[in-house]
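Results of the structural survey
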Amino acid sequence: MNIPLNINWQQILLHFFNFSLLTGGLYLLLYKPVKDFMQKREQHYREMDAAAQEKERGAETKLQSADERLSALENELAERRAAAAKEAEELAARQRAAAQAQADKILTDARTQAERERERIVADANREAVAIAEAAMDKLTDGAYDSFLASAEAEQNA
Amino acid sequence: MLPLEFCDENTQTEGDNKMERKKKQRFALAWLAVTAALLVSSLLVPSAGHEESVRAMMCDAVLHGENRCALFGMQVNPALISAVVVSGTLLLAAALIRVLVIPRFRYVPGRLQSALELAVETFDGLAKTNSPHRNSFLGVYAFSAGVYIFIGTIFELFGFQTVTTNGISMALPAPLSDVNAAISLGVLSYLVILSGGIAGNGLRGVGMTLKEFSLPLSMSFRLFGALLSGLLVTELVYYYASLSYVLPVIVGVLFTLLHALIQAYVLTMLTTLFYGEMSEPAHPKTAKA
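Residues numbered from 1 in each chain as written. Chains lettered and ligands numbered in written order. Predicted model: local features only at pLDDT ≥ 70, side-chain atom pairs only at ≥ 80, totals over all residues. Heavy atoms only, no water.

**Considering the overall build of chain A**
A tally of regular secondary structure across chain A gives two helices and zero strands. Put simply, chain A has 158 residues, and 13% of those count as buried. A total accessible area of about 12,800 Å² is found for chain A, and carbon and sulfur atoms account for 58% of it. (Helix = DSSP H or I, 4+ residues; strand = E, 2+ residues; numbered from the N terminus. Buried < 20%, exposed > 50% of the residue type's maximum accessible area, 1.4 Å probe, protein only. Areas by Shrake-Rupley, 256 points an atom, 1.4 Å probe, with all protein chains shown as cover.)

So, in structure tokens, the structure goes:
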């Protein structure tokens, strides 16, 4: 059969054969090794990336833990500060109360002392007044009583 | 005032620049002299004359009816010799690269490694993009077809000579400028697409692929036409001695490089695209409301 354009089945098959040989050869010698290497490199960088991400996650966890600890410490510090302030306030209140009690006691003692002093002074004054009165009485009655007594005795005798 | 060391460095750099300029001038002069000598000698030496008319030459470039070569006892078109040479060269280069270059691949690639990776990645990416469901074999096929078309097309630039059975010396053409080679690659691409259809959809895939019955024809003749046009223009240009100066730089080199790239891209793109379409699993039909 005369095919136009000088198409030749044998040569088409030879081209097929040639190209399939080339495809197989290029696959084994070039395509596969290069692709394998690229996959290996991709895997390597993926692993590096995963390791870096893992490290980042670890660092983030550590940072979070440190933050939590810092926050706990700050809370504890605030609590302790509040407790100390409260304690100081209580101490101050206790001291104020003690000082007040002491002041009250001093005042009471002073009042008692003053009262006692006043009573003593009054008693002394009374005694002195009685003594003055007795002395005055003595002075007034000195002789008159004796005269009275003598006149009384005289009457009796009489 | 500039420091003394800086002045010394500056003077040295200027001196180096002068030396470099002188070297370039000397090279340019030598190159011009050699080119002029070649031009003069090509004009002085008498031409052997044309053994065949331009019509016969063009006709033979298309049909390969007269100028045939011997290969293992068979009379074949010169393009088959070109195909064997290109394949042999590619396989040899691949073997050398496999033995000498690939074991020295580094994670941070050099120029050659980058070029190799780019070639593999381009065709692999083309296969993956156009055929996301099934692409492992397609990548290999696209890679070898792309490399074969590209290298085979620029092969004609080298002008390797062969002797025909008629005893005429002729430059080996691009393998795909032969209709038989173009048909074989077009049909093979169609068979690859068919295999994708079968692998992806079974008998339905065969039906889908057979519907595109014009594909092998269009692929074959697109390749043949593109490569043949390049060959004819080159043959025409070189047929006349007066056209053989300066013009081949544009016509021969730039056009060849351009259509080598375009044809490699077009065939691999079409094959991957159709392969992806045929191998795509059928979606279940949604019930109509």
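**A few points about the confidence of the model for chain B**
On average, residues of chain B score 83 in pLDDT, and 90% of them reach the 70 mark or higher. Mean pLDDT across the elements of chain B ranges from a minimum in helix H2 (residues 54-63) of chain B, with 71, to a maximum in helix H3 (residues 78-101) of chain B, with 94. (pLDDT = per-residue confidence, 0-100.)

**Examining the side chain of Thr256 of chain B**
Residue and element names in this part refer to chain B. Topologically, Thr256 is positioned in helix H9 (residues 247-279). With a relative accessible area of 2%, Thr256 lands in the buried category. When sequence neighbours within four positions are dropped, the list of residues in contact with Thr256 reads Thr153, Ile154, Glu156, Leu157 and Val251. (Contact = heavy atoms within 4.5 Å.)

**Here we look at the nonpolar core**
Nonpolar side chains tend to gather and get buried jointly when the protein is soluble and globular. Phe19 and Leu30 of chain A together with Phe143, Tyr148, Leu176, Leu185 and Leu223 of chain B are the most contacted members of the largest nonpolar core, which has 70 residues in total. Looking at this core, the elements with two or more residues in it are helix H1 (9-141) of chain A together with strand E1 (69-71), H3, helix H4 (111-130), helix H5 (136-158), helix H6 (179-201), helix H8 (215-239) and H9 of chain B. Residues in contact with Phe143 of chain B, not counting those within four places in the same chain, are Leu26, Leu30 and Tyr31 of chain A together with Ala119, Val120 and Phe123 of chain B. (Core = buried A, V, L, I, M, F, W, Y, C linked by side-chain atoms within 4.5 Å.)

**Here's the deal with unusual backbone geometry**
One non-glycine residue with positive phi stands out, namely Phe72 of chain B, at about 50°. With relative accessibility at 76%, the residue Phe72 of chain B sits in the exposed group.

**Focus on the interface of chain B and chain A**
Contact with chain B, which involves 49 residues of that partner, is made by 31 residues of chain A. At the boundary of chain B with chain A, total buried surface from both sides reaches about 3,700 Å², with 74% on carbon and sulfur atoms. Our count for the chain B to chain A interface comes out at two salt bridges. As a salt-bridge pair, Arg41 of chain A and Glu117 of chain B come within 2.7 Å of each other at their nearest N and O atoms. There are eight residue pairs in polar contact (both at pLDDT 80 or more) connecting chain B and chain A. Counting only elements with at least two residues in the side of chain B that touches chain A, the list comes to strand E2 (74-76), H3, H4, H5 and H6 of chain B. With eleven residues, H3 of chain B is the single largest residue contributor to the side of chain B that touches chain A. Tallied by class, residues from the side of chain B that touches chain A come to 31 nonpolar, ten polar and eight charged. (Buried area = accessible area lost by both parts, 1.4 Å probe. Salt bridge = Lys/Arg side-chain N within 4 Å of Asp/Glu carboxyl O. Polar contact = N/O pair within 3.5 Å; in protein donor to acceptor, adjacent residues only side chain to side chain. Nonpolar A, V, L, I, M, F, W, Y, C, P; charged D, E, K, R; others polar.)

**Description of the packing of H5 of chain B against H8 of chain B**
Residue and element names in this part refer to chain B. H8 packs onto H5 with a crossing angle of 20° between their chain directions and a minimal axis gap of 10 Å. As far as their axial angle goes, H8 and H5 are roughly parallel. With respect to the hand of their crossing, H5 and H8 are arranged in right-handed fashion. When H5 is examined against H8, the residues Ile149, Thr153 and Glu156 are found in contact with a partner set consisting of Leu223, Leu227, Gly230, Leu231 and Thr234. Taken together, the residues of the contact of H5 with H8 break down into four nonpolar, three polar and one charged. (Axes fitted to C-alpha atoms, helices over the stretch in contact; angles between N-to-C directions. Parallel < 35°, antiparallel > 145°, perpendicular 65-115°, else oblique. Left-handed = near helix turned anticlockwise from the far one by under 90°.)

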